[in-house]
Amino acid sequence: SLPGIYNTWMLALTPDIPVIDQAYSKLSNSITVEWRAVPGATNYMLTAQDGDSFVETLVKNSPGTVTGLKPATLYRITVRSINSGGKSQPSPFRKVKTVLAAPILSVRSLSCDSISVSWKAVPMAAGFSVSLMRSDGLGRMLKQNTTNTYLIFTNLDPGALYTIKAYAWNANGMPGDDFTYNQRTSPNAPVDVKVAFNSDALRAVVSWMPTEGALTYSVTVSSGHLKLRCNTSSASCTVPSLQCSSEYYVSVTAYNDAGASEPTDAVSLKTIPCAPVNISIEEDEPGHLLVSWSSVTLGHYYVVFVKSDDGLEVHCNTSYTQCHFQSDCGFTYFISVFAYNKAGQSPLGDVFNFTTAPCCPSEFRAVLTSSDTVRVTWAPVRGADLYETRAAGGSAVVLCRDTATACTLSALRCGTPYNITVYSSSEARGSNTSCAPQSVATAPCSPEIKNISKEGLSIVSVQWQPNNEEATYVVTARGEAGLWHCTSTRNSCTLMDLPCGSAFSVSAIARSPAGQSFPSYSIPLETAPCCPNDLTLTQVTQSVTNISWSVGRGAQTYVTTLESPKGQAKCHTLQTYCLLGCITCGTNYTVSLRAISETGLASSCTYQGYSSSACCPSGVKLYRLSNNGIRVFWRASDETTNYKADLHGSKGNFSCTPSSGLSHCDITKIPCGDVYTVVVAPMTNKGPKLTLFPSFCPKRIYSVTCSGSSLGMGKSSTFIKNS
């Protein structure tokens, strides 16, 4: 059948089984296999089996290597040939064991001539072989076999780079993988260390011969607990910021990646001495100066230079700590002291100046510039670089020190006599205390206002604390309205005629032959507001009155009051006018006004009385008369009040006034057939005639009809009142 034929053809194309010639392991993780080539094979499958696990590798031809294996492990190795027809059967196996793993080294340089090598144990290893040789090929190779896991190579070259190689072998002596490591020995200590000291800059340059294998160097400069370091890769280093009068010990250490060398033997360095301190200069007796100072560490001798202000210079060389010099009165000397040793001269220390005792100043003059300040001047004297002015008054002393020939003594006590003395001096020498004083009195003290009391609308009494003897006091009130003064030798005075509604600042001064005091602290003073000059009342309605007035200086608000036995009307306002309601008709009122300032001061103002308009009548009625007339009748509110009746219509206007004491009046010949507006209002006496009050009374409307003909009037009238 066709399937059978196909299978036969496929079997005919399967490649032959390879034959292994040899198999061996050179590395702990691989085995190399060699075999004879199989005709027609395109690839080969290598298999390494360890129990149930195996590793396969596909290669093109012989030899082939299986990788990824375990060290010191026995494997069964087979090879299968492959082509397009498939894979052959496995070849007869070969047993091959992988070699031992390489030991992992831990290497370090113990010293400049030794290297320590250690490693962990390798499974199945019977021993180890370790070799060491300089990496540059110089010298001979050292090799040691051992069953231990550490070795030490000695007598090596300092600072040299060595290559270390190690491997393990098994019981059959077969070597395993090797491990290579490069290690440098630590360097040797530098030699020929030299120290050059720069006395001006207080620094040292340290140099040495380079040592083999050193990458960097560290210079240590120590003095007691102080240590200075300088790191460099060259063969010299500068150490700055050294201290004077110090002894340092200098050593150099070489470094590379293996570690440090031993430090060199310390080299001693002594710096220059410090500048002498605690220098004192005194004139132990007239014409002789003594200069002394403290001893300086590492100072062998001293030189003192003394130069006067005229240019002359002398010096003293000594191994002691003091020198004597001649001096002259009134001269200034500049003095400096230096210490010396083999390293050189000390730095320049403080330069001192000393002035011999100067004479007392002449042309002394003291002038009082204010109540507590005196300006003092004098002529200069030789040798004085500072003047001290002393003012003594009572138990107080005021001092002024200055290099100028003038001094201002301030903050003196007022009203006090002072003895003022000027002493010429120098900082080192002090003052000449034989100068005579001069007496100066200060200006009076400022008075302190204790109380301001008002004794009237324009009169104010001012009281103060008298704190001066024989002084005259002047009190001033200052404001926009002007200046007001009063004077007294006692403790009070009175300011007169101060204007109302004004603000003042009140202060006081004291005067005496010595001068004038500062003004006292100002006390504010405010007079009560002025009453308005003009006040006008205008009745607006029967019960409302408008009051207006002129501005009262100093007033902020106003309270107006209309008062009568029947009641009171009051208004408080910021304006200069006010409407007052609830006014009773026909009533006499008293008129008053209070002007109030911003701070609450008030003035009570009274004005001429005010009478409200008479009351309107009630019950107004019209009656027809027989002679084509009308009688207007009403009920009077006051029997003493006169009234007037007015009728206004389209055919004319009519009016009538009654006889005194009556409450009606008649209008004759009034046209009928018209509607009339009728008002009955009170009248007031002004001069020789009656005048009608403002018409606050209500208006009424009446209709007068005609009966019989257009010329006559009806017997009755019809009252029509507007709503």
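Residues numbered from 1 in each chain as written. Predicted model: local features only at pLDDT ≥ 70, side-chain atom pairs only at ≥ 80, totals over all residues. Heavy atoms only, no water.

In the annotation of an unreviewed UniProt entry, the entry for the protein chain reads Fibronectin type III domain containing 7, and the organism field reads Zosterops lateralis melanops.

**Section: the overall build of the protein chain**
Stated formally: Labels follow the DSSP assignment, with helices taken as runs of H or I lasting at least four residues and strands as runs of E lasting at least two, numbered in each case from the N terminus. The globule rule used for comparison is 2.2 Å times the number of residues to the exponent 0.38, while the radius of gyration itself is calculated over C-alpha atoms. When checking whether two residues touch, look at their non-hydrogen atoms; a contact exists if any pair is within 4.5 Å. Each accessible area is a Shrake-Rupley result for a 1.4 Å probe, and residues are judged covered by the shown protein chains and nothing else.
In terms of helices and strands, the protein chain carries 1 helix and 63 strands. The C-alpha radius of gyration of the protein chain comes to 67 Å, more than 25% above the 27 Å expected for a compact globule of 723 residues. For the protein chain, long-range pairs separated by at least 24 residues make up 58% of all intrachain contacts whose partners lie at least 6 apart in sequence. Working note: accessible area of the protein chain is about 39100 Å², and carbon and sulfur atoms make up 50% of it.

**With respect to the sheet that holds strand β33 (residues 373–379)**
Here is the rule: When DSSP finds at least two bridges between two strands, those strands are taken to pair. As a rule, the C-alpha atoms of each element are fitted with a line to give its axis, helices using only the stretch in contact, and angles between N-to-C directions run from 0 to 180 degrees.
Read across the open sheet, the 3 strands follow the order β32-β33-β36; overall the sheet is antiparallel. Edge strands, defined here as strands with exactly one partner in the open sheet, are β32 (362–370) and β36 (406–409). Each adjacent strand pair in this sheet contributes to an overall mean axis angle of 15 degrees, direction not counted. Summarising the sheet, β32 and β33 pair through 6 bridges and their orientation is antiparallel. Directly across from Leu368, in β33, lies its bridge partner Val374.

**Let's talk about the sheet that holds strand β40 (residues 448–454)**
Strand order in the open sheet made by the 3 strands is β40-β41-β44, with antiparallel pairing throughout. Each having just a single partner strand, β40 and β44 (492–495) make up the two edges of the open sheet. Strand-to-strand twist across the sheet, computed as the mean angle between neighbouring axes with direction ignored, equals 20 degrees. Pairing between β40 and strand β41 (residues 460–465): 6 bridges, direction antiparallel. Bridging from a neighbouring strand, Ile449 pairs with Trp464 of β41.

**Quick notes on the pattern of salt bridges**
Stated precisely, the cut-off is as follows: The salt bridge criterion pairs a side-chain nitrogen of Lys or Arg with a carboxyl oxygen of Asp or Glu, the two atoms within 4 Å. Only protein chains enter the accessibility calculation, which uses a 1.4 Å probe; a residue whose area is less than 20% of its type maximum is buried, one above 50% is exposed, and one in between is partly exposed.
What the rule picks out here adds up to 10 salt bridges. Close ionic contact of Arg134 with Asp157 constitutes a salt bridge, the shortest N to O distance being 2.7 Å. Of the two residues, Arg134 is situated in strand β11 (residues 127–134) and Asp157 in the loop between β13 (150–153) and β14 (161–169); the sequence distance between them amounts to 23 residues. Residue classification places Arg134 among the buried residues on the basis of a relative accessible area of 13%. Residue Arg184 pairs with Asp257 through a salt bridge whose shortest N-O separation is 4.0 Å. With Arg184 in strand β15 (residues 175–184) and Asp257 in the loop between β21 (247–256) and β22 (259–260), this pair connects stretches of sequence that are 73 residues apart. The partly exposed category is assigned to Arg184, whose relative accessible area is 23%.

**Looking at the nonpolar core**
Counted only if it meets this: Each nonpolar core is a collection of buried residues, namely Ala, Val, Leu, Ile, Met, Phe, Trp, Tyr and Cys, held together in the definition by side-chain atoms within 4.5 Å.
One finds Val117, Leu132 and Phe153 to be the most contacted residues of the largest nonpolar core, which totals 20 residues. Broken down by secondary-structure element, the contributors of at least two residues to this core are β9 (105–111), β10 (114–119), β11, β13 and β14. Sorting elements by how many residues they give to this core places β14 first, with 4 residues. The residues contacting Val117, other than those within four sequence positions of it, are Leu105, Ser106, Val107, Thr149, Tyr150, Leu151, Phe153 and Ile164.

**Considerations on the UniProt feature "domain: Fibronectin type-III" (unreviewed entry) in the protein chain**
Quick note on the threshold: UniProt positions are given in the numbering used here, feature names are shortened, and annotations may be inferred rather than shown by experiment.
Within this numbering scheme, the UniProt entry marks residues 14–101, 102–188, 189–274, 275–359 and 443–530 as carrying the feature "domain: Fibronectin type-III" (unreviewed entry). Taken end to end, residues 102–188 is 0% helix and 56% strand, and its two terminal C-alpha atoms sit 33 Å from one another. Regarding residues 443–530, the helix share stands at 0% and the strand share at 55%, and the terminal C-alpha atoms are separated by 41 Å.

**Observations regarding the packing of aromatic side chains**
Quick reminder of the rule: Ring pairs shown here join Phe, Tyr and Trp side chains whose ring centres sit within 6.5 Å, with only the six-membered ring taken for Trp; geometry is labelled stacked below 30 degrees between planes, edge-to-face above 60, and tilted in between. Throughout this description, the term charge over a ring refers to an Arg CZ or Lys NZ atom that lies within 6 Å of the ring centre and within 35 degrees of the ring normal.
Counting across every chain of the model gives 14 aromatic pairs. The interplanar angle of 40 degrees and the centroid separation of 6.5 Å between the aromatic rings of Phe331 and Tyr333 together place this pair among those described as tilted. Comparing Phe331 with Tyr333, the two get one shared label, buried. When the ring centre of Phe93 is taken as origin, the NZ or CZ atom of Arg76, which lies over that ring, is 3.8 Å away.

**Structural notes on the state of the cysteines**
Two cysteines, two sulfur atoms, one covalent bond between them: this is a disulfide. As a reminder, the rule being used: Only a pair of cysteine sulfur atoms within 2.5 Å counts as a disulfide in this structure description.
A complete count under the given rule lists 14 disulfides for this structure. Across a sulfur-sulfur distance of 2.0 Å, Cys360 and Cys435 are joined as a disulfide pair. Judged by the sign of its S-S torsion, about -100 degrees, the cystine formed by Cys360 and Cys435 is left-handed. With Cys360 in the loop between β31 (352–355) and β32 and Cys435 in the loop between β38 (430–431) and β39 (438–441), this pair connects stretches of sequence that are 75 residues apart.

**Description of the side chain of Thr442**
Here is the rule: Whenever a nitrogen or oxygen atom comes within 3.5 Å of another N or O atom, the pair is scored as a polar contact, on the condition that within protein one atom can donate a hydrogen and the other can accept it, and that pairs from neighbouring residues in sequence are kept only if both atoms are in side chains.
Among the secondary structure elements, Thr442 is positioned in the loop between β39 and β40. Given a relative accessible area of 4%, Thr442 falls into the buried group. For Thr442, the side chain forms a polar contact with the main-chain oxygen of Arg413, separated by 2.8 Å. Among the polar contacts made by the side chain of Thr442, one reaches the main-chain amide nitrogen of Gly415 at a distance of 2.9 Å. Apart from residues lying up to four places away in sequence, Thr442 is in contact with Leu368, Ser371, Leu412, Arg413, Cys414, Gly415, Thr416, Tyr418 and Ala514.

**Some points on unusual backbone geometry**
For the peptide bond that leads from Ser62 to Pro63, omega is 0 degrees, which places it in the cis range. Along the chain, Pro63 falls in the loop between β4 (53–59) and β5 (64–67). Despite not being glycine, Asp497 shows a phi value in the positive range, around 55 degrees. Residue placement: Asp497 occurs in the loop between β44 and β45 (503–512).

**With respect to the environment of Glu563**
Within the secondary structure layout, Glu563 lies in strand β50 (residues 557–564). Separated by 24 residues in sequence, Glu563 and Thr587 place their C-alpha atoms 9.8 Å apart.

**Observations concerning the side chain of Asn256**
Turning to its location among the elements, Asn256 is positioned in strand β21. Among the polar contacts made by the side chain of Asn256, one reaches the main-chain carbonyl oxygen of Gly213 at a distance of 3.1 Å. With near-sequence residues (within four places) excluded, Asn256 lies in contact with Gly159, Arg184, Thr185, Ser186, Pro187, Gly213 and Leu215.

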